[in-house]
Amino acid sequence: KTLYVFNGPNLNLLGTREPSIYGAQTLADVQALCERAAAQHGLKLDFRQTNHEGALVDWLHEAGRAQAQGAAIGVVFNAGAYTHTSVALHDAIKGAGVRLIELHISNVHAREAFRHHSYISPVASAVMAGFGVGGYALAIDGLVMQHRASEG
Ligand code: DQA
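Residues numbered from 1 in each chain as written. Predicted model: local features only at pLDDT ≥ 70, side-chain atom pairs only at ≥ 80, totals over all residues.

### With respect to the environment of A38
In plain terms, the rule: Working definition: helices are DSSP H or I runs of at least four residues, strands are E runs of at least two. Numbering for both runs from the N terminus. What counts as a contact is two residues whose backbone-derived C-beta atoms lie within 7 Å of each other.
Take A38: it is sitting in helix α2 (residues 27–40). It is 7.3 Å that separates the C-alpha atoms of A38 and L3, two residues lying 35 residues apart in sequence. Non-local contacts of A38, meaning those with residues more than four positions away in its chain, are made with L3, L43, K44, L45 and I140.

Printed below as a string of structure tokens:
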């Protein structure tokens, strides 16, 4: 089965972007970390990044279809700044019926007030924030746990 990791705007800049907040590791490093975590669970990783909101909508629909067909277990999603702005992503997750863990590298609740509200949280099965890029591996473990629980 496939496990999706979707990354939104500006996450292609990881490593050089505000390293005091997001750390020194690049998106390629994060992908490698996710590959290891997925392999430990015998899952195939599909790891993506885009700066375009509509592409994320399309990908969420695709992941929902794959999950409905039994070909995928869900999504770990770092929506970046779209977390705080996007009704379209909220609706896409709801409409696609996809299992999804919201992820943030930083602890958004300890930062500016405009980062405290999330359009993703009400349609996420769980939220992970503040563990640095290591949170991706923790979120993958959590997604697998929720998938197994749903299988009974
Ligand atoms: C982020 C937090 C968001 O507020 C911010 O816009 C990002 C990254 C994080 O991973 O901590 O782009 O999602």
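### Points about the UniProt feature "binding site: substrate" (unreviewed entry) in the chain
Put simply, the rule reads: UniProt positions are given in the numbering used here, feature names are shortened, and annotations may be inferred rather than shown by experiment.
Under the present numbering, the feature "binding site: substrate" (unreviewed entry) in UniProt falls on N78, H84, D91, I105, S106 and R115. Annotated residues spanning 38 residues; largest pairwise C-alpha distance 24.3 Å, indicating distribution over more than one region. Here H84 shows up in the loop between β3 (72–78) and α4 (87–96). Those residues in contact with H84 that lie beyond four places of it in its chain are F114, R115, H117 and S118. With respect to the secondary-structure elements, D91 resides in helix α4.

### Notes on the UniProt feature "active site" (unreviewed entry) in the chain
Convention followed: Put simply, a residue is buried when 20 or more other C-beta atoms lie within 10 Å of its own C-beta and exposed when 12 or fewer do; between those, it is partly exposed, and each C-beta is set from the backbone.
Here the UniProt-annotated "active site" (unreviewed entry) positions come out as Y22 and H104. For the annotated residues, spread through 83 residues, the largest C-alpha to C-alpha distance comes to 9.5 Å, consistent with a single compact locus. As for its placement among the helices and strands, Y22 is situated in helix α1 (residues 19–22). Here H104 is to be found in strand β4 (residues 100–104). We classify H104 as buried; it has 23 C-beta atoms within 10 Å. Among residues more than four places away in sequence, those in contact with H104 are N78 and A129.

### A few points about α4
Stated precisely, the cut-off is as follows: Of all possible arcs, the one meant is that of the directions from the helix axis to the C-beta atoms.
Every buried residue of α4 is listed here: L89, A92, I93 and A96. Buried residues of α4, seen end-on, are gathered within an arc of 95° and therefore sit on one face of the element. Looking at the buried positions of α4, the neighbouring elements they touch are α3 (53–68) and β4. Positive backbone phi, at 65°, marks G97, one or two positions downstream of α4.

### Topic: the sheet that holds strand β5 (residues 126–129)
Stated formally: At least two DSSP bridges between two strands are required for those strands to pair. Here the axes come from fitting lines to C-alpha atoms, over the contacting stretch only for helices, and the angles between their N-to-C directions go from 0 to 180 degrees.
The strand order β2-β1-β3-β4-β5 describes an open sheet built from five strands, whose pairing is parallel. The two strands at the open ends of the sheet, each matched to only one other strand, are β2 (44–49) and β5. Sheet twist, expressed as the average angle between the axes of neighbouring strands with direction ignored, equals 20°. Pairing of strand β1 (residues 2–7) with β3, which is carried by six bridges, proceeds in the parallel orientation. Within β3, the residue paired with L3 across the bridge is G74. Taken strand by strand, α2 contacts β1 and β2, and its axis lies near 160° from that of β2.

### Concerning the pairing of β3
Residues in a regular strand point their side chains to alternate faces of the sheet. Going by this rule: Consider the strands pointing away from the viewer: the crossover is right-handed when the path from the first strand over the helix to the second runs clockwise.
Of all seven residues making up β3, seven are buried, and the element is well covered by its neighbours. With three bridges joining them, β3 and β4 adopt parallel strand pairing. The residue of β4 that forms the bridge with F77 is E102. Following the backbone out of β3, through α4 and into the adjacent parallel β4, one traces a crossover that is right-handed.

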